[in-house]
Amino acid sequence: MVSISFLNPLSPEGKDIVRELGSFEGISDDIPELRRLVTRNPSQEIVDDKEIPSNYLELALKRIEWYIKKKHDREFNSRRYSFLSDYSITKYDVISFYLLCQAIGVKFGPNSRETRVMVEAQGDLIQERLGKLSVQESRLMVDQSLAMLLHDDMVHWTFFQELLSTRKIRLTELVLDNGELILNEEDFLHRFGSRIKHRNPDSMYQLLIGDELKELIMVKMIMQETEDYIKQVHEKARVMVEPNPILLELADEVAEVLAEPMQHYGYGSGRSGGPMKAGPLNPLAFPPCVKKALEGIKSGGRNDAIVLFMTPFVSYARLYPDVFRMNITKRVSDQDPQLEITENEVLPLIYEAAQRCVPPLFDDQPQEKVNINAKLGFGMHSTLKMEHEGETTWYTPMSCEKIKLHLPHLCRPDDVCKKIGNPLSYYNRRIWEVRNLDKEDSDSEDNQSSTDVNDIGNSIKNENKNSDDNNSVEG
Amino acid sequence: MDLKPATPNERRQYYREEWDVNDIPEFIRKTLTQREFGFDHMGRGPNDRYRVFQNTDYLRKFMRYRTPFAAYSSVAFYHKPRRRDGWIKAELVFDVDAKDIPIRSCGCENVCEICLNQAKDIVHGLIDTIRGDLGLSDIHVVYSGRGYHIRVLDDKVMGMDSDVRSQIVKYLVGSDVPRSEYSSHGMKYNLEHFTVPFGYPQVFTDRVKQALLNLNLDTEIDEVSKDIKKAVIKHRELLSEDQWGLFRKEIGPVRYARLVKGIASLNLTLVDAKVSIDLKRILRLPSSLHSGVSMKSTLIKNLETFDPFQDAVPKFVYERKD
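Let me sum up the structure you'll find in this document. This structure is a prediction, so every number in the text was calculated from the model and none was measured. Numbers given to residues run from 1 along each chain, matching the order in which its sequence is written. As a convention, the first chain written is A and the first ligand written is 1, with the rest following in written order. Local features are withheld for residues below a pLDDT of 70 in this predicted model, meaning they are given only at 70 or higher, and side-chain atom pairs are given and counted only at 80 or more; totals for whole chains, interfaces and linings count all residues. Based on all heavy atoms of the structure, the side-chain values leave hydrogens and waters out of the count.

1. Considering a negative patch on the surface
All names here are of chain A. What counts, and what does not: What makes a patch is a set of residues exposed beyond 30% relative accessible area and free of salt bridges, joined within 9 Å when like-charged and within 5 Å when nonpolar (Val, Leu, Ile, Met, Phe, Trp, Tyr). Note on areas: Shrake-Rupley with a 1.4 Å probe; residue coverage comes only from the protein chains shown. Salt bridge, as applied in this entry: a Lys or Arg side-chain nitrogen positioned within 4 Å of an Asp or Glu carboxyl oxygen. Charge convention: Lys and Arg are scored as positive, Asp and Glu as negative, and His as well as the terminal groups of each chain are ignored. Every charge is mapped to an atom, namely NZ of Lys, CZ of Arg, CG of Asp or CD of Glu. Secondary structure follows DSSP: runs of H or I at least 4 residues long count as helices, runs of E at least 2 residues long count as strands, and numbering of each begins at the N terminus.
There is a patch of like negative charges on the surface, built from Glu 25, Asp 29, Asp 30, Glu 58, Glu 249, Glu 253 and Glu 256. Here the element with the most residues in the negative patch is helix α11 (residues 245–264); it accounts for three residues. By the secondary structure assignment, Glu 249 is in helix α11.

What follows is the structure, encoded as structure tokens:
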């Protein structure tokens, strides 16, 4: 029988396992039983003896490695990680889960890439494990875990506040009636049965809720609990005297596993190559919303478009394009120590967009210049001065989601937009294609690429004119 | 009725002779000290902010003597409203502005009876969903002067952050096309939104219907051609009888998919989402004068019978000579 803790290590059963272990003593000792379980698994493929985890710490790293490889390695072979879905390892798996959360919590904290990877890996692992069970077994497990997670038969949707806030689930995915989440079949039939015409209510239940929605909610709730647990650890660690060196060591090793795909397969965007270097802006790679804003905002929303949208986008695209990949908070001066690029390239482009608004933004609202400086991290002052840097934070570019809400008129998505969630990712993706295009161009004729800020307005017009050509190259 | 701005004399007359501090809804009066107030004295935006009133009498005096162009109060409750600090919670607000309805049947320049009525229909639909699907109560509707504010004071949602609020907006307005492909035990099934008579697909169907019934040939919808719009106008009678399957067939499944996708993205402007996700917004004070159009912002007791041109017109408008 599969234990609930195999899916949810934070369940009471999982906590019992940790309690039984007691302390960190002997945590890195070899566990012959674990090795035996891994090697006896019939679907397990072992290429090298070193691949077999022989203690808690190695098992912990295997969990992360599985996720990273599955995501980034084209030659990923799932059979090399078969043991991860074998419930006979539950006891060891639970401990390794706690070790990971604690290591990441102590060293990196809840807002780190390590935490994000850990939480996502846990979610994927649960799904992988459920997939290996029979339909009956999996259904039973999901029902049991949900009963434990939800505490009550009837749950108001507001209970999922955290999951909604972190967008782990979408409100539109839930089936709601009178504020209550409908998950169970009897309840569904009781509330909606009489309204359903020309269709069988039972099969409608199976399609709309059935196993899929229950599984989704269970998985996302466990992911959220994992995140919350890491946060708790982090907060406790801040008042603790000295974290256990084993945890710090494990944290470093996790970071190494995470760094590997950056070197080998290129992390995140799927493209290959090293880190994204900052360089002169290339308007040909701007997403449709930025191009539209550059043409000038003619109706309402001028302030938001220039101050909240364009300022972060232009500054990050020019100075720190891989902010989301690096996940390290920086200041403008970290990237532009003399603020020369900011003064000569970034601000002029933002001002130009402001000038093209109808009416020109600064004509009636000159104070918005101060707000632009504030969004660059230089406080509420009329000039950029190093001594003011840090009084406010350097705003990161708005996500597509936010743009749709704040500035719906700017959002006119094209094909590339479907693959990204932030205009900056669009720019990073396109700039590679555009650069290659430039290279091809300069091979055939001596064509100067239009990266001079003063040319930007013109090149946008040119690009609009030639948009068919550009599309054909893109396709 | 001519919606022209109020003169400073008319403002003075309104606040001294007609307005009563007890016209401010109780839900604001009883939380007065926790709210920030803002005023626009010159008609150039509310730049007199961070005002706090210890009791209604101070507020009454302020309004009588300053007779502001416009008055606002925060949707947020603070421990220190004077510094906009110590945020406790905020009303959940939906702003339906008649001027900004994405598909308007009237085509007027500003607002008129037709689009105000359309705004009212939208408000009805939103409130049904707020109550029925989201199970929220303590809902108040205020006529803002150019449209309607729905203000939800249910404690279940007042502590929620902007991200949750943005999800609520999307649910209410129907800005995502519900999925139509489902699978069960390895088999694929198709369920169009209009075949599901509850939950979000039902909300979406209601909003799309509202849009299609008001659409005209000039309505701009992304990637929807004039031909599709013509077909909609020709066949939309089917929708009054909820013959969605037939309607979709007449439009053609591919064109239909494009049509609902276009409407879904327009739906995001049914309400001003910025207002809903802003946790520190100030909103026009009910009972105060909208000087731009000379109308009273009014708490509505019965939305069915409310008529802004009857119930929200200040006396001075009837006394105008020209």
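2. Things to note about empty space enclosed by the protein
All names here are of chain B. Short version of the rule: We place a 1 Å grid over just the protein atoms. Points where a 1.4 Å probe fits but has no way out form a cavity, open points with protein on both sides within 12 Å along at least 5 of 7 lines form a pocket, and any residue with an atom within 4 Å of a point lines it. Grid points are joined across faces, edges and corners, and a volume is the space filled by probe spheres set on the points.
Summed over all chains, the structure comprises five cavities of 30 Å³ or more. In terms of lining residues, the largest cavity is bounded by 14 residues, among which Ile 103, Ile 122, Gln 210, Ala 211 and Leu 270 are the most central. If you tally residues by element for the lining of the largest cavity, the top one is helix α7 (residues 199–214), at four residues. Of the pockets and cavities examined, the second largest cavity occupies roughly 60 Å³.

3. So, the sheet that holds strand β2 (residues 176–177) of chain A
Residues and elements named next belong to chain A. Selection rule: Strands pair, by our definition, only if DSSP identifies at least two bridges between them.
Strands sit in the order β1-β3-β2 across an open sheet of three strands; the sheet is antiparallel. Because the sheet does not close on itself, it has two edges, and the strands there are β1 (155–156) and β2. Where β1 meets strand β3 (residues 180–181), two bridges bridge the pair, whose relative direction is antiparallel. Residue pairing for β3: His 156 is matched across the bridge by Glu 180.

4. Brief notes about the packing of aromatic side chains
Keep this limit in mind: The aromatic pairing rule takes the rings of Phe, Tyr and Trp, using the six-membered ring of Trp, and pairs them if the centres are within 6.5 Å, calling planes under 30 degrees apart stacked, those over 60 edge-to-face and the rest tilted. Only protein chains enter the area calculation, which uses a 1.4 Å probe; residues under 20% of their type maximum are buried, those over 50% are exposed, and those in between are partly exposed. Geometrically, a charge over a ring is one whose NZ (Lys) or CZ (Arg) sits within 6 Å of the ring centre while staying within 35 degrees of the ring normal.
Within this structure, the stated rule accounts for 32 aromatic pairs over all chains. Residues Phe 37 of chain B and Phe 53 of chain B carry aromatic rings whose centres are separated by 5.3 Å and whose planes lie at 85° to one another, so their mutual orientation is edge-to-face. Of this pair, Phe 37 of chain B sits in strand β1 (residues 37–40) while Phe 53 of chain B is found in the loop between β2 (48–51) and α3 (56–66), placing the two residues 16 residues apart along the sequence. Each member of the pair, Phe 37 of chain B together with Phe 53 of chain B, is buried. In textbook terms, an aromatic cluster arises when at least three aromatic residues are bridged by ring pairs, as seen for Phe 188, Phe 192 and Tyr 205 of chain A together with Phe 198 of chain B. Positioned above the aromatic ring of Tyr 320 of chain A, the side-chain terminus of Lys 330 of chain A is 4.7 Å from the ring centre. Seen from the ring of Tyr 395 of chain A, Lys 375 of chain A lies directly overhead, with NZ or CZ sitting 4.8 Å from the centre.

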